[in-house]
Amino acid sequence: MSGTSVSAVSLDEVREAQKMLSGVARTTVLEGSRFLSGLVGAPVHLKCENLQRTGSFKVRGAYVRIAGLSEQERAAGVVAASAGNHAQGVALAAALLGVRSTVFMPEGAPLPKVAATREYGAEVRLYGQIVDETMRAAQEYARATGAVFIHPFDHPDVIAGQGTVGLEILEQCPEVRTVVVGIGGGGLAAGIAVAVKALRPDVRIVGVQAAGAAAYPPSLAAGHPVSVEAPATMADGIKVGRPGEVPFRIVEELVDEVRTVSEDELSSALLLLLERAKLVVEPAGASPVAALLSDPGAFEGPVVAVLSGGNVDPLLMQRILRHGMAAAGRYLSLRLRLTDRPGALAALLEVLSEVDANVLDVSHVRTDPRLGLTEAEVELHLETKGPEHCAEVGSALRDAGYLVMD
């Protein structure tokens, strides 16, 4: 399984990878979701790869790829480039196999991911501002040292390892009709498609990309991988500007549809998973749920949504949750003018109390050249109960005579 030719990965190779991963990768749980099932009108299950070792599915492909190296290749060590999940997967897989690993990460990579990669045993080198720069540095290191470059998705062994997720889905939910999976470079979607379509060709495979980093729709239209300039999304796990050559051909042949989701839909999905399923999931891992939320009637059940990872920086999580609450109409920011007199702020807060809006933060500005002599400006951050409650808050403030600014 160590060849590098661009060819389809077989079911036998995925099954071989499953044997290889026994005792290495966890068989992650399949959790039912009552909320999503009610929304879709059919059973919806969550495949929790966010609970996998290293917090994502990446260890599966990394281990299979490194295990397939010759003794001479292992002696030279391995090198990888990643902003987080692949880095940790390679570091752990290499440590388990007794292989020296070097991982290049962007200079702005979240500190928890850098620390975790080091703790798994890799030498971490910070280079570049974006993953493309980091990738080039890792490939140059491979050429200079003889270390084997472990690509995050563009290799048959990696795809075979990721395909073991598909085998588990069929074992855990044999009645499945639709599998929804996030797509970055395409390794996970390709692997799942190989396994599932070989055994159940009637199962529909739906890939999901972030709209700001959606390279697959134009690539599929063109019939070959196409680059997207400056991909931009909070979902760094699927923030890939160009599909891999190997997974692209498999996705083109076996994946039934590729959908895109917005940043608002991603953050809403992440919030829902945290509140309803009690699962910490990164934005890329939440992309299948975002697709279900955006168009629930489009998926035949039973549905399995693959939560590909749970490695999210706490600071990013805080920002995403606020964004998700705002997208769901549960977080409202307002700026308004009022008369600058004693008790004016208390009166404003009383209006908000009457409509049951929870005040999270207040900024009271009294000295600003934009303000009149007797004016003050107040910026409010409120927790609300949904879009209708937001409208009710706005109406109550206007009825009380306050000027709400845009």
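Here the residue numbering is sequential within each chain, running from 1 through the sequence in written order. Confidence filtering applies because this is a predicted model: local features only for residues at pLDDT of at least 70, side-chain atom pairs given and counted only at 80 or more, and all residues used for totals across whole chains, interfaces and linings. To obtain the side-chain values, all non-hydrogen atoms of the structure were used and water was disregarded.

Draft legend 1. Seen up close, the overall build of the chain. In this description a helix means any DSSP run of H or I spanning at least four residues, a strand means any run of E spanning at least two, and both kinds are numbered starting from the N terminus. Tallying secondary structure elements over the chain gives 16 helices and 14 strands in all. With the C-alpha coordinates of the chain rotated into their principal frame, the extents come out at 80 × 50 × 40 Å. The rule is simple: take the accessible area with a 1.4 Å probe, protein chains only, and divide by the maximum for that residue type; under 20% is buried, over 50% is exposed, in between is partly exposed. The buried share of the chain, taken over its 406 residues, is 55%. Here a residue-residue contact requires only that any non-hydrogen atoms of the pair lie within 4.5 Å. A separation of at least 24 residues holds for 73% of the contacts in the chain among residues at least 6 apart in sequence. Note on areas: these come from Shrake-Rupley sampling with a 1.4 Å probe, and a residue is covered only by the protein chains present in the view. Counting every atom, the chain has about 17,100 Å² of accessible surface; 50% of that belongs to carbon and sulfur. Charge counting follows a simple rule: Lys and Arg are positive, Asp and Glu are negative, and His as well as the terminal groups are ignored. Charged side chains are reduced to one point each, which is NZ for Lys, CZ for Arg, CG for Asp and CD for Glu. Separation of charge centres in the chain, based on 36 positive and 48 negative side chains, amounts to 3 Å.

Draft legend 2. Structural view of the pattern of salt bridges. In what follows, salt bridge is the name for a side-chain nitrogen of Lys or Arg lying within 4 Å of a carboxyl oxygen of Asp or Glu. Inspection of the entire model under this criterion finds 17 salt bridges. The partner of E140 in a salt bridge is R143, and the shortest N-O contact between them spans 3.0 Å. Taken together, the residues span about one helical turn, with E140 and R143 both in helix 7 (residues 131-145) at a distance of three residues. Overall, the relative accessible area of 44% leaves E140 in the partly exposed class.

Draft legend 3. Spatial organisation of helix 14 (residues 314-327). In a regular helix each residue adds 1.5 Å, so 14 residues correspond to 20 Å; helix 14 covers 20 Å between its end C-alpha atoms and thus fits that length. Those residues of helix 14 that fall on the buried side of the exposure criterion are M317, I320, L321, G324 and M325. An end-on view of helix 14 places all buried positions within 135° of arc, on one side of the element. Away from its buried face, by an angle of more than 90 degrees, helix 14 presents the exposed residues L315, Q318 and R319. Those residues of helix 14 hidden inside the fold are in contact with helix 12 (263-276), helix 13 (283-294), strand 11 (331-339) and strand 13 (375-383). Immediately downstream of helix 14, the backbone of G329 shows phi near 75°, a positive value. Helices are assigned an expected span. That span is 1.5 Å times one less than the residue count. Summarising the geometry, the arc corresponds to the directions from the helix axis toward the C-beta atoms.

Draft legend 4. Fine view of the environment of V312. Here V312 is to be found in the loop between strand 10 (303-307) and helix 14. The class for V312 is buried, based on a relative accessible area of 16%.

Draft legend 5. Helix 9 (residues 187-199), seen in detail. End to end, helix 9 covers 19 Å across 13 residues, agreeing with the expected 18 Å (1.5 Å per residue, within 8%). Of all the residues in helix 9, the buried ones are G187, L188, A189, A190, G191, I192, A193, V194, A195, V196 and K197. Elements in contact with the buried residues of helix 9: helix 1 (11-20), helix 8 (156-172), strand 7 (178-182), strand 8 (204-210), helix 11 (245-254) and strand 10.

Draft legend 6. Representation of the sheet that holds strand 2 (residues 44-48). Paired strands are those between which DSSP finds at least two bridges. An order of 1-2-10-7-8-9 is seen for the six strands of this open sheet, with the pairing classed as mixed. Single-partner strands in this sheet number two, and they are strand 1 (30-32) and strand 9 (257-261). Across the sheet, the mean angle separating the axes of adjacent strands is 25° when strand polarity is ignored. As judged from the three bridges shared by strand 1 and strand 2, these two strands associate in the antiparallel manner. Counted as the bridge partner of L30 is K47 from strand 2. Angles shown run from 0 to 180 degrees and are taken between the N-to-C directions of axes, each axis being a line fitted to C-alpha atoms and, for helices, limited to the stretch in contact. Relative to the sheet, helix 13 contacts strand 2, strand 7, strand 8, strand 9 and strand 10, its axis offset from that of strand 10 by approximately 145°.

Draft legend 7. Representation of the nonpolar core. Definition of nonpolar core: a set of buried residues of the types Ala, Val, Leu, Ile, Met, Phe, Trp, Tyr and Cys, connected through side-chain atoms within 4.5 Å. Ranked by size, the top nonpolar core spans 54 residues in total, and within it I66, V78, V176, V179, I192 and V306 carry the most contacts. Here this core gets eight residues from one element, more than from any other, and that element is helix 9. Excluding anything up to four places from it in sequence, V78 contacts I66, L69, V90, A94, V99, R100, S101, T102, A147, V148 and I150. With 38 residues, the next largest nonpolar core counts V40, V180, L270 and M317 among its residues.

Draft legend 8. Expanded view of the pairing of strand 11. For strand 11 and strand 13, the ladder comprises nine bridges, and the chain directions are antiparallel. Bridge pairing in strand 13 links L336 to V378. Two elements, strand 11 and strand 14 (residues 403-405), share three bridges in a ladder whose sense is antiparallel. For R335, the partnering residue across the bridge sits in strand 14 and is M405.

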